[in-house]
Amino acid sequence: MRKVLLSLVGCGLLWSLVSCGPVKTYINIESKGASEYPVTLDGKSISVVSVVKKSDRDSALVSELGLGVAEKIEVEMGLPQGAVGVYSVPENDSNVLSSSTLDMVAIESDSDIIIALDSLQVGSYSIIRDGSKAYHEGEFKDVVDVALPVAYKVQAYDAVHLKTLVDKEVVDTITWSIMGDGQIQNSTAISQANTHLKEAFRTIGEATAHIFLPEWKQQERMIVCFSGSKWENAYYLASDFKWEQAMDVWLELVKGGSPDKQGAAAYNLAVACEILGRYDTALKWLDFAESKCYFSQMSTLRKKLQER
């Protein structure tokens, strides 16, 4: 889970105004949701395979596509560079990777999951002129768009359980906006686009990787703070995503003080447990918090926990 950004509402000042009482602190977190397809990559060895045609001008492009997929998976999963293997295999007669071919690749690469890119089709460039202008360096420039349709197949194969998890055709269009002085010739625009073609296919590969990656969603949680060094310390620990250390402080605070403070500390412990995935413990702390005091966010948190 990612780091959090905190903002204060209520008193308007941080900890200097003792008379304000409890301060509601809202925490924006990114929670990990399911990926578009049922492919679990965590803890798995992964390889990306590009199927290339012999003596075909697009072979280099499908290889760039594979590199884009692999690099995006490495970045999003926090893997070292090169952790996801990238391979090229010659096209077979059926134009589609067979399970036997994927099994062989899995054995040779020692991979649990194989992501294969196959049947790349690259269309023809088209020019789009709509009279658009762009302001650059103090003057307006002519703009022409260059479009290139592409299509390819994506497969994900589970080499451990010997089954195909994803078999999808991707249809997309790459568009470049070319800017220049005066009327831009078609040949010039296409030449400029062609110069950046490999880079564009690497970018499309990065977008394709999102099929297999979890979707991060913004959610909001609230913790309650009072004035005092311990409450302040817990706040800063939570803001630095050090939930275990923040919990140690709240565990101390829940043992004493007024019922409101005990309830607030217990509620904060429930929030921390929910963020850390300890849902049963979170419910127990929420029960204790409600026995000391009540505010509406307790019901909201309880609903989230019960839906887990």
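Residues numbered from 1 in each chain as written. Predicted model: local features only at pLDDT ≥ 70, side-chain atom pairs only at ≥ 80, totals over all residues. Heavy atoms only, no water.

J.: What's the story with the pattern of salt bridges in this structure? I'm lost.
T.: When charged atoms on two side chains of opposite charge get close, those side chains can pair. A full pass over the atoms with the stated rule returns 7 salt bridges. Between Arg 278 and Glu 244 there is a salt bridge; the shortest N-O distance is 2.3 Å. Of the two residues, Arg 278 is situated in the loop between helix H7 (259–275) and helix H8 (279–292) and Glu 244 in helix H6 (residues 243–253); the sequence distance between them amounts to 34 residues. Between Arg 302 and Glu 290 there is a salt bridge; the shortest N-O distance is 2.9 Å. Of this pair, Arg 302 sits in helix H9 (residues 296–306) while Glu 290 sits in helix H8, placing them 12 residues apart in sequence. On the accessibility criterion, Arg 302 (18% relative accessible area) is buried. Counted as one network, the salt bridges with shared partners bring together Glu 64, Glu 71 and Arg 202. (Salt bridge = Lys/Arg side-chain N within 4 Å of Asp/Glu carboxyl O. Helix = DSSP H or I, 4+ residues; strand = E, 2+ residues; numbered from the N terminus. Buried < 20%, exposed > 50% of the residue type's maximum accessible area, 1.4 Å probe, protein only.)

J.: Could you clarify how one ought to interpret the side chain of Asp 145 in this entry?
T.: Relative to the elements of secondary structure, Asp 145 occurs in strand S8 (residues 139–158). Among the polar contacts listed, one links the side chain of Asp 145 to the side chain of Ser 177, at a separation of 2.7 Å. (Polar contact = N/O pair within 3.5 Å; in protein donor to acceptor, adjacent residues only side chain to side chain.)

J.: Help me out: how do you make sense of the side chain of Ser 119 in this one?
T.: In this fold, Ser 119 is placed in strand S5 (residues 113–122). For Ser 119, a relative accessible area of 10% gives the class buried. A distance of 3.4 Å separates a polar atom in the side chain of Ser 119 from a polar atom in the side chain of Asp 118.

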